Amino acid sequence: MSGVRLLVGTRKGAFILTSDAKRANWDISGPHFAGWEMYHLKGSPADPNRLYASQSTGWFGQLIQRSDDGGKTWEPVGNKFAYEGNPGTHMWYDGTPHPWKFARVWHLEPSLTDPDTVYGGVEDAALFRSTDGGKNWEELAGLRTHSSGPSWNPGAGGMCLHTIILDPKHRDRMFVAISAAGAFRSDDAGKTWKPINRGLKSEGIPNPNAEVGHCVHRIAMHKSRPEVLFMQKHWDVMRSDDSGDSWKEVSGNLPTDFGFPIDVHAHDPETIYVVPIKSDSEHFPIDGKLRVYRSKSGGNEWEPLTKGLPQRDCYVNVLRDAMSVDSLDSCGIYFGTTGGQVYASADAGDNWTPIVHNLPAVLSVEAQTLA
Amino acid sequence: MIRVLLPAHLKTLARVRGEVQVDVAGRPTIVSVLDAIEASYPMLQGTIRDQVTQERRPFVRFFACEEDYSLEPVDTALPDAVAKGTEPFLIVGAMAGG
């Protein structure tokens with residue numbers, strides 16, 4: 001019987017939420033890796049029972065965990081993330097050179113076709129790949145050693161590579177995003193990279209053609225139309241129809257265009273979702289009303305989705321990897337909050353229900369649709 | 001035989017309870033004990049000291065016989081009581097943060 005499995009990473013452990021296709025009743029297991037920060041967990045599209053998880057603390061560093069049975073059991077695999085060669089420096093907050101130093105893995109992106117291949121986006125920004133199920137990691141150094149690398153600087157959360165998108169039609173094409181360097185595309189399986197930030201406008205960057213320096217928060221793509229990308233930038237919701245070569249703003253009637261997550265409906269590539277947040281200095285919804293905004297026109301025209309979401313006294317945030325969709329006939333959409341709630345909608349956002357109320361702060365949510 | 005007491009998170013990770021015991025050839029030092037721990041429990045590689053630089057993690061401390069060995073050179077010999085197994089080598093997650 002079909003169903004959904006949600007992989008939820010939090011500040012103090014991981015949780016696995018499962019339901020049948022009705023998505024009305026959920027079983028909750030966890031905390032897995034209790035007490036550890038779980039930045040991201042994700043399953044292999046080629047083998048849904050193969051899961052990867054990023055586990056870290058400030059005390060004991062980074063671990064990568066792997067499950068081969070859908071999260072029932074886990075095995076620590078490789079955690080040696082060594083930059084290739086002498087990593088040199090990037091730019092620090094004050095404009096001075098700062099040595100590149102590994103801090104943690106923000107995002108894990110399993111290959112679309114091979115369960116043993118997985119990509120890791122790390123802080124300080126770099127892209128790593130494992131082809132043996134996470135045991136060994138090699139840097140795809142062409143990204144970090146791009147000529148613009150020494151001028152990259154961190155966003156407020158660190159200089160993290162947080163978004164990795166694998167193109168399902170062009171096998172050698174992938175996209176990444178880095179705070180606060182911007183978006184990059186490779187057309188040769190990660191050997192070389194091109195900044196794709198033309199059209200982004202950021203306060204504080206006077207040059208409208210600046211190659212890097214933009215605080216991209218997340219990018220989303222629909223698998224049927226990989227040349228179209230949607231971006232939630234620090235401020236502004238953006239759209240590209242040419243694989244990132246150019247961007248245009250589609251914030252339209254949003255009440256604020258600051259936010260972190262953005263996602264695409266599983267069956268309608270023009271339907272997208274964001275969670276507007278008041279501002280970069282006030283990371284909570286406007287007026288204490290938690291509202292997801294949906295556009296059915298690929299941007300510009302947005303409607304608030306409120307049924308089942310708190311409409312008063314709500315001051316949580318929704319982080320960049322904390323929204324996901326399933327691919328059942330009626331598309332399910334899910335998000336987690338820094339207040340520890342995970343909300344679900346089984347009807348593409350029209351109605352919402354909290355699955356769980358009191359988890360630690362949610363860092364990531366990934367939905368797996370199970371056959 | 002060297003007795004080692006791990007912090008709770010690392011005991012969970014190594015799937016052990018209580019103390020662990022490792023063998024070290026010759027006079028035990030900080031680094032030889034750490035090497036022996038990581039050889040017996042490979043999942044602990046990178047958790048006590050950085051995988052690449054081999055430097056002690058900032059919030060991990062080493063104690064033996066009520067003395068702090070955290071800032072000593074890694075080839076510092078450990079006390080006789082640790083070498084004889086009458087006292088443990090303590091790896092402690094420092095109290096910091098909230």
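Data block above holds the structure.
Rules behind the numbers
- Residues numbered from 1 in each chain as written.
- Chains lettered and ligands numbered in written order.
- Predicted model: local features only at pLDDT ≥ 70, side-chain atom pairs only at ≥ 80, totals over all residues.
- Pairing = 2+ DSSP bridges.
- Helix = DSSP H or I, 4+ residues; strand = E, 2+ residues; numbered from the N terminus.
- Axes fitted to C-alpha atoms, helices over the stretch in contact; angles between N-to-C directions.
- Buried ≥ 20, exposed ≤ 12 C-beta atoms within 10 Å, placed from the backbone.
- Contact = placed C-beta atoms within 7 Å.
- Core = buried A, V, L, I, M, F, W, Y, C linked by C-beta atoms within 7 Å.

1. With respect to the sheet that holds strand 22 (residues 262-264) of chain A
All names here are of chain A.
Then, number 1: Spatially, the four strands line up as an open sheet ordered 22-23-24-25, and their pairing is antiparallel. Every interior strand has two partners, whereas the edge strands, strand 22 and strand 25 (303-305), have only one. Strand-to-strand, the axes of this sheet are offset by a mean angle of 30°, without reference to chain direction.
Then, number 2: Bridge analysis of strand 22 against strand 23 (residues 272-274) gives three bridges, and the strand direction is antiparallel. The residue bridging Val264 from the neighbouring strand is Ile272, located in strand 23.

2. Concerning the environment of Tyr273 of chain A
Residues and elements named next belong to chain A.
Then, number 1: Here Tyr273 lies in strand 23.
Then, number 2: On the basis of neighbour counts, which here come to 25 C-beta atoms within 10 Å, the residue Tyr273 falls in the buried class.
Then, number 3: Considered as a pair, Tyr273 and Leu328 are 55 residues apart in the sequence and their alpha carbons are 17 Å apart.
Then, number 4: Beyond its immediate sequence surroundings of up to four residues, Tyr273 is in contact with Ile262, Asp263, Val292, Arg294, Met323, Ile333 and Gly349.

3. A few points about the nonpolar core
One broad rule of soluble globular proteins: the nonpolar side chains tend to lie buried together.
Then, number 1: Judged by nonpolar contacts, the single largest core of 105 residues is most densely connected at Val8, Val176, Ile219, Tyr334 and Val342 of chain A.
Then, number 2: Residue contacts for Ile219 of chain A: discarding those within four places in its chain leaves Thr163, Ile165, Phe175, Ala177, Ala183, Leu229, Phe230 and Met231 of chain A.
Then, number 3: Core analysis: the next-biggest nonpolar cluster, separate from the first, contains 25 residues, Leu10, Ile37, Ala64 and Tyr69 of chain B among them.

4. Thoughts on the pairing of strand 15 (residues 174-179) of chain A
Residue and element names in this part refer to chain A.
Then, number 1: The buried fraction of strand 15 is high, at six of six residues.
Then, number 2: Where burial is concerned, the two faces of strand 15 agree: the one with Met174, Val176 and Ile178 and the one with Phe175, Ala177 and Ser179 are both buried.
Then, number 3: As defined by bridge partners, strand 14 (residues 160-166) adjoins strand 15 across six bridges and the pair is classed as antiparallel. Opposite Cys160, over in strand 15, you have Ser179 as the bridge partner.

5. Some details on the sheet that holds strand 1 (residues 2-5) of chain B
All names here are of chain B.
Then, number 1: Judged by pairing direction, the sheet is mixed, and its five strands sit side by side in the order 2-1-5-3-4 without closing on themselves. Single-partner strands in this sheet number two, and they are strand 2 (20-22) and strand 4 (67-68).
Then, number 2: Two elements, strand 3 (residues 60-64) and strand 4, share two bridges in a ladder whose sense is antiparallel. For Ala64, the partnering residue across the bridge sits in strand 4 and is Glu67.
Then, number 3: Along the sheet, helix 2 (residues 30-40) contacts strand 1, strand 2, strand 3 and strand 5 (89-93); its crossing angle with strand 2, the most-contacted strand, is approximately 110°.

Scope: geometric values only; no functional claims are made or implied.
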